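Chain by chain, the residues run as shown.
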Amino acid sequence: MPVEITWWGHATCTVEDSNVRVLTDPLFARRLAHLRRRRGDLPPPGAHQADVALVSHLHADHLHVPSLMRLAPGTRLLVPRGARRAVPGLRRLSHLRVSEVAPGDETPVGDIVVRAVPARHDGRRLPLGPHRSPALGYVIAGEARTYFAGDTGLFDGMAEEVGPVEVAVLPVGGWGPYLGEGHLDAGRAAQALARLAPRSAVPVHYGTYWPIGMDAVRPHEFHAPGDEFVRLAARHAPGVAVHRLGHGESVRLEVAR
């Protein structure tokens, strides 16, 4: 059975494996604080449907309570350990089955298992307080093993922490003209790809949101990361098939371990 990945923009994807729909970092907003969606239509209502939704960390562009409110009753929701203390709005999600997870935790959902893995990123709910939760990635293991990196920097031991995977969904940019510590740009994402050595990769977390009033500030950082990742991945990890998707586009991957 093929694995299908649909990119809805930013870090929001649907991964379908073994008849299970996994939704990553749901963000269905046209505007979020000082950010506005500059490319791609908002995900359609069908994108809100999932068996399980994964939240990688507590930043508002990854844990967006109004978007989570749109998930169907009974949907599983995995959030980093400590999230309910740090984000009181999660208490409004009484229609969802919310579980807090930490690196190493495994959650069965239908015929897949979701394993939380470490990420190198600030896990606080900035700028609202000091409460910390671990930033996470996730490995979705079914017919394939798909790594959703969330938001992370490159770190020693990444390949060992993640383990063998066939597909990597990697951030390659951000939402502003400068990337701080704890992020992957196209070059560092290509290096991560060389370490992880999957068969296929999908770049995400670029080309969707941008600060209001900053359209002319380093616009190449908005448009270019996807193509730059394709170019650099060919240099650093030539054996990996990279699929640069447009918003709302899908790729079906025939993967055999």
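Conventions we followed
- Residues numbered from 1 in each chain as written.
- Predicted model: local features only at pLDDT ≥ 70, side-chain atom pairs only at ≥ 80, totals over all residues.
- Heavy atoms only, no water.
- Buried < 20%, exposed > 50% of the residue type's maximum accessible area, 1.4 Å probe, protein only.
- Helix = DSSP H or I, 4+ residues; strand = E, 2+ residues; numbered from the N terminus.
- Pairing = 2+ DSSP bridges.
- Contact = heavy atoms within 4.5 Å.
- Phe/Tyr/Trp six-rings, centres within 6.5 Å; stacked < 30°, edge-to-face > 60°.
- Lys NZ or Arg CZ within 6 Å of the ring centre and 35° of its normal.

- Under an unreviewed UniProt entry, the name given to the chain is Metal-dependent hydrolase, and the source organism is Streptomyces chartreusis NRRL 3882.

### Side note on the pairing of strand E9 (residues 106-109)
- A one-sided burial pattern is seen for E9, the buried positions being Thr107 and Val109 and the unburied ones Glu106 and Pro108.
- Pairing between E9 and strand E10 (residues 112-118): four bridges, direction antiparallel. By the bridge assignment for E10, proline 108 is matched with valine 113.
- What sits between the antiparallel neighbours E9 and E10 is a turn of two residues, in which glycine 110 has the positive phi angle 60°.

### Points about the environment of proline 198
- On the secondary structure map, proline 198 appears in the loop between helix H4 (186-196) and strand E14 (200-204).
- What makes proline 198 buried here is its relative accessible area of 5%.
- Counting along the chain gives 32 residues from proline 198 to valine 230, while the straight-line C-alpha distance between them is 14 Å.
- Excluding residues that lie within four positions of it along the chain, proline 198 makes contacts with Val165, Glu166, Val167, Ala168, Leu193 and Val240.

### Concerning the packing of aromatic side chains
- What the rule picks out here adds up to two aromatic pairs.
- A centroid spacing of 5.3 Å and a plane angle of 15° characterise the contact between tryptophan 7 and tyrosine 206, whose relative ring orientation is stacked. Residue tryptophan 7 is found in strand E1 (residues 3-9), and its partner tyrosine 206 is found in the loop between E14 and strand E15 (209-211); the two are separated by 199 residues along the sequence. When sorted by exposure, tryptophan 7 lands in the same class as tyrosine 206, which is buried.
- Across from the ring centre of phenylalanine 222, 4.6 Å away, lies the NZ or CZ of arginine 38, which sits over that ring.

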